[in-house]
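# Chain and residue survey
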Amino acid sequence: MQEITRITLETDMDLVLVHKRTMKLGELAGLSLASQTTFATAASEVARHVIEYGYNAVLILGIRADIKDPEKFLMARVLDHNINLTEKIHESMVYAKKLVDRFSLEQTDKGIEITLGFKIPGAHKIISSRIEQWISSFSVEQPISPYDEIKRKNRLLQELAEKLTNSETQYREVTNALPLIIFSINEEGELLYANSWLKAFTGFEAHELNENKWKPVIREEEFAFAWEFWWQHVAEKTPFKRELELKNDSTGEFIWHLISVTPVTDEIGEVLYWTGSMVDIHAQKVMEQTMRDNKELKEMKLLLEEKVGELNRSNQELEQFAYAASHDLQEPLRKIAYYSDYLNKHYAELIDERGKLYLGNMMSANQRMTQLIHDLLNFSRIYRENLHLVKTDLNILATEAMNDLDLAIKAKHAQIEVSQLPVISVYPMQMRQLFQNLISNAVKFSDDQRAPSVKVYAETIGNVVQLIFEDNGVGFEEKYLDKMFSLFQRLHSREKYAGTGIGLAMCKKIADLHNGTITASSQPGNGAKFILTLPSVA
Amino acid sequence: MDNTVKILLADDDVEDRFIMQDAFNAINLPEVPLLVEDGEKVLEYLSETHRNAGVLPSLVVLDLNMPRLSGTQTLRELKSRDAYKDIPVIIFSSSLNVIEMHECKQLGALSYMVKPFTYEEYLLSAQHFYDFCLNKHSFPEFNSLINNFK
């Protein structure tokens, strides 16, 4: 059935409408006046019945124009929501049934449906465009009565309201589903509306935030600034944006948001209220911060590199100074040595015993000074050259060092036992110096009671190599350990053991040069053990 | 005594020059050393001798640290001139410096010596200089000096 018009059935006034419309439809369909009246009477009867007993009923007028069926019918269908209506059916229905060609009454779970069909004679003339015309003639139909007019307006209004409700519901559903806060707010900064994300994110309803002025969700130190910003921009009546951290209710974290607010104005430009959004831009901010940190880190690195450069330069200058100073110190020293030697050779007979003694003291003082400067030169030279690591057989270095110390070793009847040492990458000259210094010390600081015995051996522990120089000499008190490796530090008087206090400082410098360490252990009178630890990749 | 042997010694230190002369006197060769006070004087003496077709010294001994023209600069000058490049040059320094040693070797010096600390050593040095001129002594080569230094 194709619908042409519909009439709600509420009061007796509607019966008049039913009658008039049915008559009109009959007229349009080309029924005789008698037939029009018959169809109208039948429809009115049914309508009267449902107005009396039914609930929320409607009459739909239409046409049944099935292409396959040569016969066409005017239709009047009444829908009623009272499911118990059939019980009330009485003769009026029976009467209506007699007036029409077709009659049906169906009961559904929603209510009852009564359909009347009235055959249209000469129906072949009815084509679909005609039906369209009928539909429009009903919709523009002049109101028959003020009641009809009100009723129609009412219906339109109801339809509009329904559409509005639908679209608002839809809008709310959409905005509530968005992971951003959408709101409207008045000039006082009071929320008028906010989507559900506000509560979901902040844990507060709009009215709660209006009461607490957003205090719990804005950082304490930002609170005053944020409001100041608001008042300032509201006064300007133009859209504005601001980044602000809002506290997330579930995590307690402050998350960066971009707040955008735009004024809504009336036709004369007065601001009615403001609408806006708060979007989570935390990832972006974190990234910005990371980039900034990264930049700072890079700048810091540059600064550090600069400092290292400066340090290296000043270190180098210092070494150059030490070298030049000791170099120049040698010159006058050589003269003193030469003249005292000359004096001693040619004029010793001319001076008395005390003079000779003093001359001798002067010469030995001079010798010590010479030795000191010589050692200092060697010490400062450790960094002086472009060094290259060379895979070196440490056994050979040990042998060379022992050859250099041959005189001292023989003089002290020292036993030196070198166990199989590894082949590792070292700075050979420096490492040989270290061997020489440590072996020389081991022989020098010997106990009068026994001939020096020195053992040199290696141990591999994990990824480090330890070279151990063990002696049976006088040893030392371990509280002096740190002091021992400093420049010019001596533990013994010059009378007892000669030396400049540079040897172990040099060893430490050489160990450092190899990214290694040197330490020692001892008990006075029980010999000493010097341990050089080198990374095995060195 | 072969009086044609001349050794040109340059040192800005007046005491060193005196000591050197003293040493040559002590070994009875007072006429052998020609002592000048810096590198410029070395070049002046050589060009004058050369111009007068005189006999060039058999050996030049240079102190390193001299004002105006240093030992190495003088050495470079000498080795760059055909007339002098065959004159043997010994560097006579107050201290041992392996970098300077390398530089002097590169520039073509014969040898590198550290100035003595005793009278006896000075006498020996003077004798060696003289003997070298008579082909009776040879100085250690640089490579062995540098190796010793290590």
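Residues numbered from 1 in each chain as written. Chains lettered and ligands numbered in written order. Predicted model: local features only at pLDDT ≥ 70, side-chain atom pairs only at ≥ 80, totals over all residues. Heavy atoms only, no water.

### Some points on a negative patch on the surface
- A cluster of acidic residues, Glu 187, Glu 188, Glu 190 and Glu 270 of chain A, forms a negative patch on the protein surface.
- Within the secondary structure layout, Glu 270 of chain A lies in the loop between strand S9 (254–265) and strand S10 (271–280). (Patch = residues over 30% accessible without salt bridge, like charges linked within 9 Å, V, L, I, M, F, W, Y side chains within 5 Å. Areas by Shrake-Rupley, 256 points an atom, 1.4 Å probe, with all protein chains shown as cover. Salt bridge = Lys/Arg side-chain N within 4 Å of Asp/Glu carboxyl O. Lys, Arg positive; Asp, Glu negative; His and termini not counted. Charge placed at Lys NZ, Arg CZ, Asp CG, Glu CD. Helix = DSSP H or I, 4+ residues; strand = E, 2+ residues; numbered from the N terminus.)

### Points about the packing of aromatic side chains
- Using the criterion set out here, one finds 18 aromatic pairs over all chains in the structure.
- For the ring pair Phe 92 of chain B and Phe 129 of chain B, a centre distance of 5.6 Å and an interplane angle of 70 degrees mean the geometry is edge-to-face. One end of the pair, Phe 92 of chain B, is in strand S4 (residues 89–93); the other, Phe 129 of chain B, is in helix H5 (residues 119–133), with 37 residues separating them in the sequence.
- Three or more aromatic residues joined by ring pairs form one cluster here, namely Tyr 338, Tyr 339, Tyr 342 and Tyr 347 of chain A together with Phe 92, Tyr 119, Tyr 122, Phe 129, Phe 132 and Phe 139 of chain B.
- Over the ring of Trp 256 of chain A we find Lys 285 of chain A; its NZ or CZ atom is 4.3 Å from the centre of that ring. (Phe/Tyr/Trp six-rings, centres within 6.5 Å; stacked < 30°, edge-to-face > 60°. Lys NZ or Arg CZ within 6 Å of the ring centre and 35° of its normal.)

### With respect to the sheet that holds strand S14 (residues 453–461) of chain A
All names here are of chain A.
- Taking strand neighbours across the sheet as the criterion, the five strands line up as S12-S14-S15-S17-S16 in an open arrangement whose pairing is mixed. Taken across any chain shown, the strands that pair with only one partner, and hence form the sheet edges, are strand S12 (415–418) and strand S16 (517–522). Along the sheet, successive strands turn relative to each other by an average axial angle of 20 degrees, direction set aside.
- With seven bridges joining them, strand S15 (residues 464–471) and strand S17 (residues 528–535) adopt antiparallel strand pairing. In the sheet register, Leu 467 faces S17, and the bridge partner there is Leu 532.
- Contacts between helix H13 (residues 428–444) and the sheet are confined to S12, S14, S15, S16 and S17, with S15 contributing the most and set at about 30 degrees to the helix. (Pairing = 2+ DSSP bridges. Axes fitted to C-alpha atoms, helices over the stretch in contact; angles between N-to-C directions. Contact = heavy atoms within 4.5 Å.)

### Focus on the state of the cysteines
All names here are of chain B.
- Under the definition given, this model contains zero disulfides over all chains.
- Between Cys 104, a cysteine without a disulfide, and Cys 133, which holds the nearest cysteine sulfur, the sulfur-to-sulfur distance is 19 Å.
- For Cys 133, a relative accessible area of 17% corresponds to the buried category. (Disulfide = S-S within 2.5 Å. Buried < 20%, exposed > 50% of the residue type's maximum accessible area, 1.4 Å probe, protein only.)

### Notes on the nonpolar core
Residue and element names in this part refer to chain A.
- Residues Leu 394, Met 431, Leu 434, Phe 435, Leu 467, Phe 469 and Phe 530 are the most contacted members of the largest nonpolar core, which totals 44 residues.
- Excluding residues that lie within four positions of it along the chain, Phe 435 makes contacts with Leu 394, Ala 398, Ala 401, Leu 421, Val 456, Leu 467 and Phe 469.
- Leu 25, Ile 63, Val 78 and Phe 118 belong to the second-largest nonpolar core, a separate cluster that totals 35 residues. (Core = buried A, V, L, I, M, F, W, Y, C linked by side-chain atoms within 4.5 Å.)

### Digging into the interface of chain B and chain A
- Counting residues at the interface gives 21 residues for chain B and 19 residues for chain A.
- Buried surface at the junction of chain B and chain A, summed over both partners, amounts to about 1,900 Å²; 55% is from carbon and sulfur atoms.
- Joining chain B to chain A, the criterion identifies two salt bridges.
- Asp 13 of chain B is the salt-bridge partner of Lys 335 of chain A, the closest N and O atoms lying 2.3 Å from each other.
- Linking chain B with chain A are eight residue pairs in polar contact (both at pLDDT 80 or more). (Buried area = accessible area lost by both parts, 1.4 Å probe. Polar contact = N/O pair within 3.5 Å; in protein donor to acceptor, adjacent residues only side chain to side chain.)

### Description of the packing of helix H9 (residues 282–347) of chain A against helix H10 (residues 353–380) of chain A
Residue and element names in this part refer to chain A.
- Running from N to C, H9 and H10 point in directions that differ by 155 degrees, and their axes come no closer than 9 Å. The pairing of H9 with H10 is recorded here as roughly antiparallel in orientation. Handedness of the crossing formed by H9 with H10: left-handed.
- Split into classes, the residues belonging to the contact of H9 with H10 amount to 13 nonpolar, eight polar and two charged. (Parallel < 35°, antiparallel > 145°, perpendicular 65-115°, else oblique. Left-handed = near helix turned anticlockwise from the far one by under 90°. Nonpolar A, V, L, I, M, F, W, Y, C, P; charged D, E, K, R; others polar.)

### Regarding the sheet that holds strand S4 (residues 102–107) of chain A
Residues and elements named next belong to chain A.
- Ordered by their spatial adjacency, five strands build an open sheet running S1-S2-S3-S5-S4, and the pairing between neighbours is antiparallel. Each having just a single partner strand, strand S1 (2–9) and S4 make up the two edges of the open sheet. Pairwise comparison of adjacent strand axes, ignoring direction, gives a mean angle of 15 degrees for this sheet.
- Here strand S3 (residues 73–80) pairs with strand S5 (residues 112–119) via eight bridges, running antiparallel. For Asp 80, the partnering residue across the bridge sits in S5 and is Ile 112.
- Its contacts with the sheet put helix H1 (residues 13–28) on S1, strand S2 (57–64) and S3, and the angle it makes with S1 is roughly 165 degrees.
- Along the sheet face, helix H2 (residues 33–53) touches S1, S2, S3 and S5 and points at about 175 degrees away from the line of S5.

### With respect to a nonpolar patch on the surface
- A cluster of nonpolar side chains, namely Leu 343, Tyr 347, Leu 350 and Ile 351 of chain A, defines an oily patch on the protein surface of about 380 Å² accessible area.
- Position of Tyr 347 of chain A among the secondary structure elements: in helix H9.

### Let's talk about the packing of H13 of chain A against helix H15 (residues 503–513) of chain A
All names here are of chain A.
- Contact geometry of H13 with H15 gives a least axis separation of 9 Å together with a crossing angle of 145 degrees. The hand of the H13/H15 crossing is left-handed. Together, Gln 430, Met 431, Gln 433, Leu 434, Asn 437, Leu 438 and Asn 441 of H13 and Gly 503, Leu 504, Met 506, Cys 507, Ile 510, Ala 511 and Leu 513 of H15 make up the contact between the two elements.
- When its residues are assigned to classes, the contact of H13 with H15 shows nine nonpolar, five polar and no charged.

### Quick notes on the pairing of S3 of chain A
All names here are of chain A.
- Burial of S3 is extensive: six of the eight residues sit out of reach of the surface.
- Where S2 and S3 come together, seven bridges link them in antiparallel fashion. Within the sheet, the bridge partner assigned to Leu 59 lies in S3 and is Val 78.

### Describing the side chain of Lys 115 of chain B
- Positionally, Lys 115 of chain B belongs in the loop between strand S5 (111–114) and H5.
- Overall, Lys 115 of chain B belongs to the buried group, its relative accessible area being 2%.
- In terms of polar contacts, Lys 115 of chain B uses its side chain to reach the side chain of Asp 63 of chain B, at 3.3 Å.
- When residues no more than four places from it in sequence are discounted, the contact partners of Lys 115 of chain B are Arg 334 of chain A together with Asp 11, Asp 16, Asp 63, Phe 92, Ser 93, Ser 94 and Tyr 122 of chain B.

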